[in-house]
Amino acid sequence: MTAPMSRLDGKVVFLTGSASGIGAAIARRCIDESASVICADQSPEGVFALAQSLGPRAFGIQCDVTDNISVGRAVGAGTRHFGRLDGLVHNAAAPSMDGTVIDLAEKQWRLEIDVILTGAFLVGKHALPAMIEGGGGSVVFIASQFAHVATGKAVAYCAAKAGLVHLARAMAVDHAVDGIRVNSLSPGAVATPRLLERWPDLEAANAGLGPAHLLGRIAKPDEIAAAAAFLLSSDASFVTGTDLLADGGYVTR
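Note that the structure is predicted; figures quoted are calculated from it, not measured.

(A) Inspection of the layout of surface pockets at higher detail. Of the pockets and cavities examined, the second largest pocket occupies roughly 250 Å³. Together, 17 residues line the second largest pocket, and Lys11, Gly137, Ser138, Arg181 and Leu232 are the ones closest to its centre. Here the residues of the lining of the second largest pocket are counted per class, giving 3 nonpolar, 9 polar and 5 charged.

In structure tokens form, the structure reads like this:
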């Protein structure tokens, strides 16, 4: 997918969950659009390898989004490295926690909520002051089609993603006066390494999951990255407090 080369020129974006999948695709897209990216992830090996592959406009740092001190250190180090902060993308996700409210363990529930929802709260808490100091910016939370419709045995995931969409709206209300736009982005099924672990190959994943989408297939990570780049850019300058469904028509079924 061809990217406009200067829409994010001079911008610095803090990106969680960046080591692989959608996060890595967003990092590459931001670099292609002339941004600098603070690549944060729980996996130090993965995030350092990604940052090295992206070149000098990428800064890799280990970050546990469930830990306030870890998030503060990561945001601070990245902001000092580049001298400013203009964008935030929260993409970190916990391992899938399958179960109903009856059989899901409390620690599984808490991990899903902590990574997705509390993580968004913490990265926002630390990133927004630097963004406000620089004159404003854009926040994007990666949600899901399951923020809008439920699926079986995924109560923690569905609840966390729905909360993420409404957190974005509440933050948009609070921080419009600061020049901060806040939106969420809800993909459908995406051909990430994590999803493809459950299928023999991409063809099988498309055959199994594609029919639930109007477009008849699952998304490529680059397609979700393009939507995230739009929300980060000035092309979305009048877009805040909304959820962008990049779900191939899933929720219309």
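(B) Focus on the side chain of Thr192. Mapped onto the fold, Thr192 is located in the loop between strand S6 (180–187) and helix H6 (193–196). Aside from chain neighbours lying at most four places away, what touches Thr192 is Gly21, Ile22 and Pro221.

(C) A look at the pattern of salt bridges. Considering all chains together, one arrives at 6 salt bridges under this definition. Linking Asp235 and Arg7 is a salt bridge whose minimum nitrogen-to-oxygen distance equals 3.0 Å. Of this pair, Asp235 sits in the loop between helix H8 (221–232) and strand S7 (243–246) while Arg7 sits in the segment before strand S1 (12–15), and the two are 228 residues apart along the sequence. In this structure Asp235 comes out as partly exposed when scored by relative accessible area, which is 49%. For Arg7, a relative accessible area of 21% gives the class partly exposed.

(D) Representation of the packing of aromatic side chains within the structure. Per the counting criterion, the structure on display carries 2 aromatic pairs. Between Phe59 and Phe82 the ring centres are 6.5 Å apart and the planes differ by 80°, which places this aromatic pair in the edge-to-face class. Residue Phe59 is located in strand S3 (residues 58–62), and its partner Phe82 is located in helix H3 (residues 68–82); the two are separated by 23 residues in the primary sequence. With 5.6 Å between their ring centres and 85° between their planes, Phe146 and Tyr250 make a pair best called edge-to-face. With Phe146 in the loop between strand S5 (137–142) and helix H5 (155–175) and Tyr250 in the segment after S7, the pair connects residues that are 104 residues apart, well separated along the chain. For the pair formed by Phe146 and Tyr250, the shared burial category is buried.

(E) Representation of the nonpolar core. Of all hydrophobic cores here, the largest spans 38 residues; its most connected members are Phe14, Leu85, Met131, Val139, Phe141 and Val182. Elements supplying a minimum of two residues to this core: S1, strand S2 (36–41), S3, H3, helix H4 (106–133), S5, H5 and S6. With 10 residues, the top contributor of residues to this core is H4. The residues touching Val139, leaving out its near neighbours within four places in the chain, are Leu88, Leu128, Met131, Ile180, Arg181, Val182 and Asn183.

Parameters at a glance
- Going along each chain's sequence as written, the residues are numbered from 1 onward.
- Two thresholds apply to this predicted model, a pLDDT of at least 70 for residue-level local features and 80 or more for giving and counting side-chain atom pairs, whereas whole-chain, interface and lining totals are computed over all residues.
- Hydrogen atoms and water are omitted, and side-chain values are computed over all heavy atoms in the structure.
- Lining residues are those with an atom within 4 Å of a point, where the points come from a 1 Å grid over the protein atoms alone and group into cavities, where a 1.4 Å probe fits but cannot get out, or pockets, open sets with protein on both sides within 12 Å along at least five of seven lines.
- Grid points are joined across faces, edges and corners, and a volume is the space filled by probe spheres set on the points.
- Amino acids are sorted into nonpolar (Ala, Val, Leu, Ile, Met, Phe, Trp, Tyr, Cys and Pro), charged (Asp, Glu, Lys and Arg) and polar (every other residue, Gly among them).
- Helical segments are the DSSP runs of H or I of at least four residues, strand segments are the runs of E of at least two, and each set is numbered from the N terminus.
- When checking whether two residues touch, look at their non-hydrogen atoms; a contact exists if any pair is within 4.5 Å.
- Every case where a carboxyl oxygen of Asp or Glu lies within 4 Å of a side-chain nitrogen of Lys or Arg is listed as a salt bridge.
- The rule is simple: take the accessible area with a 1.4 Å probe, protein chains only, and divide by the maximum for that residue type; under 20% is buried, over 50% is exposed, in between is partly exposed.
- Pairing of aromatic side chains here covers Phe, Tyr and the six-membered ring of Trp, requires ring centres within 6.5 Å, and sorts the geometry by plane angle: under 30 degrees stacked, over 60 edge-to-face, intermediate tilted.
- In this text, buried Ala, Val, Leu, Ile, Met, Phe, Trp, Tyr and Cys residues form a nonpolar core when linked through side-chain atoms within 4.5 Å.

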